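# Structural overview for review
Here are the chains, one letter per residue:
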Amino acid sequence: MNFKKYGSLLILAFLGVHCVSMQAQEKRFFTPKIQGTLRGKYEFQPQERKGRFEVRNARVSVEGQVSEKIYYKAQIDLSDEGRIRMLDAYTRIQPTSKLNFRIGQMRVPFSIDAHRSPHEQYFANRSFIAKQVGNVRDVGATIGYTLHLGFPIKMEAGFFNGSGLTNQKDYWTHSLNYSAKVQFLLPQSFDVVLSTQKVKPDAVAIYMYDIGIAYHHKSFRAEAEYLYKHYADEAFQSVHSVNAFVNYDIPLRNCFFSKISPLIRYDFLTNHSDGKRYLDGIEDKAGALKINDYQRSRLTSGITLSIDKPFISDIRINYEKYFYRQDAIIKTSDKDKFVIEVMTRF
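Quick caveat, the model's predicted, so the values are computed rather than measured.

When you go through the chain residue by residue, the secondary structure sums to 2 helices and 20 strands. When burial is assessed residue by residue, the chain has 40% of its 346 residues classed as buried. Within the chain, counting contacts between residues at least 6 apart in sequence, those at least 24 apart form 52% of the total. Of the roughly 19,300 Å² that the chain leaves accessible, carbon and sulfur atoms contribute 61%. Averaging the locations of the 49 positively and 36 negatively charged side chains of the chain gives two centres separated by 6 Å.

With that settled, consider the packing of aromatic side chains. What the rule picks out here adds up to 10 aromatic pairs. Every member of this aromatic cluster is reached through a ring pair, and the members are Tyr122, Phe123 and Phe245. Above the face of the Tyr71 ring, Arg92 is positioned so that its terminal group lies 4.2 Å from the ring centre. The aromatic ring of Phe123 is capped on one face by Arg265, whose charged end is 4.4 Å from the ring centroid.

Another point: the sheet that holds strand 15 (residues 277–279). Strand order in the open sheet formed by 3 strands is 16-15-17, with antiparallel pairing between adjacent strands. Strand pairing shows two members of the sheet lacking a second neighbour, strand 16 (282–283) and strand 17 (288–289), which therefore form its edges.

Further remarks concern the pairing of strand 20 (residues 337–345). Of the two faces of strand 20, only the one carrying Lys337, Val339, Glu341, Met343 and Arg345 is buried; Phe338, Ile340, Val342 and Thr344 on the other face are not. Where strand 1 (residues 33–45) lies against strand 20, 8 bridges are found, and the strand directions are antiparallel. In the sheet register, Gly40 faces strand 20, and the bridge partner there is Val342. Note: strand 19 (residues 313–324) against strand 20, 8 bridges, orientation antiparallel. Note that in strand 20 the partner of Arg316 across the bridge is Glu341.

In the sheet, strand 3 (residues 70–80) pairs with strand 4 (residues 83–93) via 9 bridges, with the strands oriented antiparallel. Bridging across to strand 4, Tyr71 finds its partner in Arg92. Hairpin connection between strand 3 and strand 4: a loop of 2 residues separates the two successive antiparallel strands, and Glu81 in this loop has a positive phi of roughly 55 degrees. Here strand 4 pairs with strand 5 (residues 99–107) via 5 bridges, running antiparallel. Counterpart to Ala89 in the pairing with strand 5 is Gln105.

Here we come to the pattern of salt bridges. Following the criterion strictly, the structure yields 26 salt bridges and no others. For the salt bridge of Arg52 with Glu43, the shortest nitrogen-to-oxygen distance reads 2.9 Å. Look at Arg52 and you get partly exposed, because its relative accessible area is 37%. Taking the relative accessible area as the measure of exposure, Glu43 reaches 5% and is therefore buried. Between Arg296 and Asp334 there is a salt bridge, with its nearest N and O atoms 3.7 Å apart. Of this pair, Arg296 sits in strand 18 (residues 296–307) while Asp334 sits in the loop between strand 19 and strand 20; the two residues are 38 residues apart in sequence, bridging distant segments of the chain. Salt bridges sharing common partners tie together Lys41, Glu43, Arg52 and Glu54.

The next point concerns the side chain of Arg116. Tracing the backbone shows Arg116 in the loop between strand 5 and helix 2 (128–133). Among the polar contacts listed, one links the side chain of Arg116 to the side chain of Asp113, at a separation of 2.7 Å. A polar side-chain atom of Arg116 sits 2.6 Å from a polar atom in the side chain of Glu223. Once residues lying within four places of it in the same chain are set aside, the contact partners of Arg116 are Gln121, Tyr122, Arg221, Glu223 and Phe245.

Here the focus is a nonpolar patch on the surface. A grouping of Phe220, Val246, Tyr248, Ile250, Ile264, Tyr266, Leu299 and Phe323 is seen on the molecular surface, where their side chains present a nonpolar patch of about 670 Å² in accessible area. Contributing elements (two or more residues each) for the nonpolar patch: strand 12 (239–248) and strand 14 (259–269). Mapped onto the fold, Leu299 is located in strand 18.

Here we take up the nonpolar core. By size, the foremost hydrophobic cluster in this structure holds 22 residues, and its most contacted members are Met208, Leu227 and Tyr231. Secondary structure elements with two or more residues in this core: helix 2, strand 10 (206–217) and strand 11 (220–231). For this core, the element with the most residues is helix 2, which contributes 3 residues. Ignoring sequence-local partners within four residues, the contact set of Met208 consists of Phe110, Val133, Ser195, Thr196, Gln197, Val199, Leu227, Tyr228 and Lys229.

With respect to the secondary-structure elements, Ser261 resides in strand 14. C-alpha separation for the pair Ser261 and Arg316, spaced 55 residues apart in sequence, amounts to 9.4 Å. For Ser261, the residues in contact, after removing those within four places along its chain, are Asn247, Tyr248, Asp249, Gly302, Ile303 and Thr304. Of the polar contacts made by the side chain of Ser261, one reaches the side chain of Asp249; its length is 2.6 Å. Looking at Ser261, its side chain comes within polar contact range of the side chain of Lys259, at 2.8 Å.

What counts and how
- Residues numbered from 1 in each chain as written.
- Predicted model: local features only at pLDDT ≥ 70, side-chain atom pairs only at ≥ 80, totals over all residues.
- Heavy atoms only, no water.
- Helix = DSSP H or I, 4+ residues; strand = E, 2+ residues; numbered from the N terminus.
- Buried < 20%, exposed > 50% of the residue type's maximum accessible area, 1.4 Å probe, protein only.
- Contact = heavy atoms within 4.5 Å.
- Areas by Shrake-Rupley, 256 points an atom, 1.4 Å probe, with all protein chains shown as cover.
- Lys, Arg positive; Asp, Glu negative; His and termini not counted.
- Charge placed at Lys NZ, Arg CZ, Asp CG, Glu CD.
- Phe/Tyr/Trp six-rings, centres within 6.5 Å; stacked < 30°, edge-to-face > 60°.
- Lys NZ or Arg CZ within 6 Å of the ring centre and 35° of its normal.
- Pairing = 2+ DSSP bridges.
- Salt bridge = Lys/Arg side-chain N within 4 Å of Asp/Glu carboxyl O.
- Polar contact = N/O pair within 3.5 Å; in protein donor to acceptor, adjacent residues only side chain to side chain.
- Patch = residues over 30% accessible without salt bridge, like charges linked within 9 Å, V, L, I, M, F, W, Y side chains within 5 Å.
- Core = buried A, V, L, I, M, F, W, Y, C linked by side-chain atoms within 4.5 Å.

Purely geometric stuff here, so don't read any function into it on its own.
Listed below in structure tokens is the structure:
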């Protein structure tokens, strides 16, 4: 037997298999994942007998890996209430399965509902916490770590410019913003989320504290969240906001829809300022903080019809009932309304 001949063939075969394996591994790393979310809806306000169609979101994202430990994501919304906005652009370095670092533009780690992507929302319109109070994207860096003490504890914290998404080139600051979030994924299907955040949209520092509790078991989910917002130097009265909802999934068989989900939500917001100074209704550094959102509460009920898998293509049918004080100035779009929305995730 010619050992040299067969040995050489074995070595060549091994190298061939190794090269194919490396090519497959590289293909797995370098092939980006392209995803998107489309949300089109119709709203009707019965008090005014007026309605409108709107493309609320047309998001497209590219994400993937360049190696076993380096990830990336870039996301743009082609129709964020009619505007084009760059939302995410960051690199995530993950030395271990428990530890990760991110740097770039991203949604800051804060709150439960404010951190949901549009396709993950349960209702057609976001809660007051997610839209008015705790909705922050910024440029910065975060560190995340997952700890196991009989149950997972996910921790994430970071520092951010405070410049927002568009004011980066000539922005320099003595005081960075910060945000931190801890999730306790407890047994018996309970989650507890604690988070804090400091922002400075203008001259006044704002401190926010949030606690959320969620219970999810099989087809049932209940969630409650409270947010406290404090303005430094008593520049504006502190803000309190609440969001609570329940959702129940009913599977359907031999039907066009895979499930139907009745759900109901209550949310509340006291008088709120966005933290910027205004003079005669126009943003001006010579002015003062003002009420941007008047105190109100809202009761939202509805059903979600899921086509195929949940959060892939949903039809959300909601009715929103608002309650205001007599002295409130009511915005055009913050009134009682029927909403029919079709969300598709691809």
